[in-house]
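Coordinates in review
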Amino acid sequence: MNVLAEMQSYGHERVAFHHDAKTGLKAIIAIHSTVLGNALGGTRRWAYATEGDALYDVLRLSEGMTYKAAASGLQMGGAKSVIIMPAQGHQPTEAEARAMGRFVETLAGKYIAAEDVGVSPQYCDWMALETKHVMGGNTVSHGGDPSPFTAQGCFNSMKACLAHTGRKVDFSNLTVAIQGVGATGFRLAKLLRAAGAAVLVTDVHVPTMKRAVEELGCVALGNDRNLFEEKVDILAPCALGGILDASTIQHLKCEIVCGTANNQLRDPVADGEMLARRGICYAPDFIANAGGLIRLAGLYLGMTEGEIDHKIVEIEATTATVLKQAGSGSSGAAAIAFAKAKIAAGAAKKQMAGAGCGSGCGCHS
Ligand code: NAD
């Protein structure tokens, strides 16, 4: 993979690679944009098949963070990092996390790390022993686990999808299928069950799936059935990205797709258009799953609890606006246009504040 060409095509500002000989840590930090401010984004720990896969993941995830922050009205840029695990099941250690923390520190606050798949609040606290540019821990750093806020935001986004499709905003007679009942999927299932929905679940980790069945009364899907082909009202992808493409979209029997996973569309343009052509309402992932970022970025930016909660409630209105703007086209593309307009407006405002607008309004005083 030609890294600079990829950076240019995605629009990245900086991509940094790191190897720590002592711990064996191999990691990449990708800063997509700092136009609106420093960039907060999770650290994903994953056993990638190739380095190219890791780079592709971090480039796409960090680009999505730029749009997520901007669409949420946060004065933050977009970045993400990945740790390439040497093998599936490799256990996280304090030494590895501290090496990652030292890597984060080299970016001097342009990048603020947090949790993503494979990284816990404990791991964030270990990283924070080496740098103050970490959110999402409970002791050394702060903010804690963002997943309850991500789940709440996704639930709010579902309400907008129901209204957009002309349905009653009432979950009591709905069936929702959730792929992945980990940190976010489980909490989303809990909210849906409390609101009266029937919830079908799958998870490759059987104990995790069992927990959703036993604690929440979800229904586990047997191996002979495919969640993506079930006739349900809402499909909620809450595992990994890239699961919606031509091969899966053609079989969908749901009216709405709204989940917490990042990068649900393999091809944001073509797959978004295919969903629209099939008349399936797609809640753009970076809007539906922004609750966790809003929580941690909000704390980082010094917002009050009330302001943060309000922003998570606003996810419903933002989803509704973007779905409306999409019309009969791709809501994924409409969401990117919505975010880019916010970035352009924020950049212009910053430029004006820096240069003085000359209108005598006092903005430069
Ligand atoms: P998690 O690791 O806690 O949960 C993911 C679950 O999906 C796990 O239980 C895993 O076993 C399961 N899974 C993996 N592949 C699967 C498959 N093919 N089929 C079924 N289940 C599968 O992660 P999470 O924090 O819940 O994050 C889930 C997704 O949401 C990720 O894409 C993440 O980037 C995104 N996200 C998370 C947050 C957050 O606050 N945690 C915020 C925004 C976006």
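One numbering rule holds for all chains: residues counted from 1, following each sequence as written. pLDDT decides what is reported in this predicted model: residues at 70 or higher carry local features, side-chain atom pairs at 80 or more are listed and counted, and totals for whole chains, interfaces and linings draw on all residues regardless. The side-chain numbers reported here are obtained from all heavy atoms of the structure, hydrogens and water having been left aside.

Structural notes on the site of the ligand
To keep things clear, this is the line we draw: A molecule or strand has a residue near it when one of that residue's heavy atoms lies within 4 Å. For this analysis, a polar contact is any N or O atom pair within 3.5 Å, provided that within protein one partner can donate a hydrogen and the other can accept it, and provided that sequence-adjacent residues contribute only side-chain to side-chain pairs. Here the accessible surface of atoms and residues is derived via Shrake-Rupley with a 1.4 Å probe, and residues count as covered only by protein chains that are part of the display. Only runs of H or I of at least four residues qualify as helices and only runs of E of at least two qualify as strands under DSSP, and these elements are numbered from the N terminus. Start and end positions for the domains come from either an automated domain assignment or a database one.
The environment of the ligand is formed by 22 residues, the closest being T150, T184, D203, A239 and N262. Separating an oxygen atom of the ligand from a backbone N or O atom of A239 is a distance of 2.7 Å. Measuring from an oxygen atom of the ligand, one finds a backbone N or O atom of T260 at 3.1 Å. With the chains in place, 80% of the 820 Å² that the ligand exposes on its own is no longer accessible. Contributions of two or more residues to the shell around the ligand are made by helix 5 (147-164) and helix 6 (183-194). Per-domain counts for the shell around the ligand show at least three residues from each of domain 1 (3-127) and domain 2 (147-325).

As for the sheet that holds strand 6 (residues 175-179)
Put simply, the rule reads: Note on pairing: two strands pair once DSSP finds at least 2 bridges between them. Two residues form a contact once any of their heavy atoms are found within 4.5 Å. Between N-to-C directions, angles span 0 to 180 degrees; the directions come from axes that are lines fitted to C-alpha atoms, helices contributing only their stretch in contact.
Across the sheet, 6 strands lie side by side as 8-7-6-9-10-11; this open sheet has parallel pairing. If you trace the sheet from one side to the other, it starts and ends with strand 8 (219-220) and strand 11 (281-282), each paired once. When strand 6 meets strand 7 (residues 198-202), the two strands line up parallel, connected through 5 bridges. Bridging from a neighbouring strand, A177 pairs with L200 of strand 7. Against the sheet, helix 5 touches strand 6, strand 9 (234-237), strand 10 (256-257) and strand 11, its axis set at about 150° to strand 9.

Some details on unusual backbone geometry
The cut-off we apply is this: The buried label applies to any residue whose accessible area, calculated with a 1.4 Å probe on protein chains only, is under 20% of its type's maximum; exposed applies above 50%, and partly exposed to all values in between.
Even without a glycine there, the phi angle at A108 is positive, about 55°. For A108, the location among the structural elements is in the loop between helix 3 (94-105) and strand 5 (111-115). Its relative accessible area of 61% is what places A108 among the exposed residues.

Looking at the state of the cysteines
Disulfides are covalent bonds that link the sulfur atoms of two cysteine residues. So the rule is basically this: Cysteine sulfur atoms that pair up within 2.5 Å are treated as a disulfide.
Across all of its chains, the model carries 0 disulfides by this definition. Cysteine C218 shares no disulfide, and the gap to the nearest cysteine sulfur, in C238, comes to 11 Å.

Thoughts on the sheet that holds strand 3 (residues 39-46)
An order of 1-2-4-3-5 is seen for the 5 strands of this open sheet, with the pairing classed as mixed. Either end of the sheet is taken by a strand with one partner, and the two such strands are strand 1 (14-20) and strand 5. On average, adjacent strands in this sheet sit at an angle of 25° to one another, irrespective of strand direction. Relative to strand 4 (residues 78-84), strand 3 is paired through 4 bridges, and the arrangement is parallel. Bridge pairing in strand 4 places R44 opposite V82. Here helix 2 (residues 51-71) sits on the sheet in contact with strand 1, strand 2 (25-33), strand 3 and strand 4, set at roughly 155° to strand 4. Sheet strands in contact with helix 3 are strand 1, strand 2, strand 3, strand 4 and strand 5, and its direction is about 35° off that of strand 2.

Some details on helix 12 (residues 305-326)
The condition that has to hold: By this rule, a helix spans an expected 1.5 Å times one less than how many residues it contains. A residue's bend is simply the angle between two axes: one fitted to the seven residues ending at it, one to the seven starting at it.
In this model helix 12 runs 32 Å from its N-terminal to its C-terminal C-alpha over 22 residues, within 8% of the 32 Å that 1.5 Å per residue would give. The largest bend in helix 12 is about 30°, located at I315. Those residues of helix 12 hidden inside the fold are in contact with helix 2, helix 5, strand 11, helix 10 (285-288), helix 11 (291-300) and helix 13 (331-355). Of the residues trailing helix 12, G327 is marked for its positive phi of about 55°.

Re empty space enclosed by the protein
Any empty space left between the atoms is revealed when a probe the size of a water molecule rolls over them. Definition in use: Every definition here rests on a 1 Å grid over the protein atoms only: cavities are sets of points where a 1.4 Å probe fits but cannot get out, pockets are open sets enclosed by protein on both sides within 12 Å along at least five of seven lines, and lining residues have some atom within 4 Å of a point. Grid points are joined across faces, edges and corners, and a volume is the space filled by probe spheres set on the points. Amino acids are sorted into nonpolar (Ala, Val, Leu, Ile, Met, Phe, Trp, Tyr, Cys and Pro), charged (Asp, Glu, Lys and Arg) and polar (every other residue, Gly among them).
Following the criterion strictly, the structure yields 1 cavity of 30 Å³ or more and no others. By volume, the largest cavity is sized at about 30 Å³. S33, V35, L36, T66, A70, M76, G77 and I343 are the residues that line the largest cavity. Partitioning the lining of the largest cavity into residue classes produces 5 nonpolar, 3 polar and no charged.

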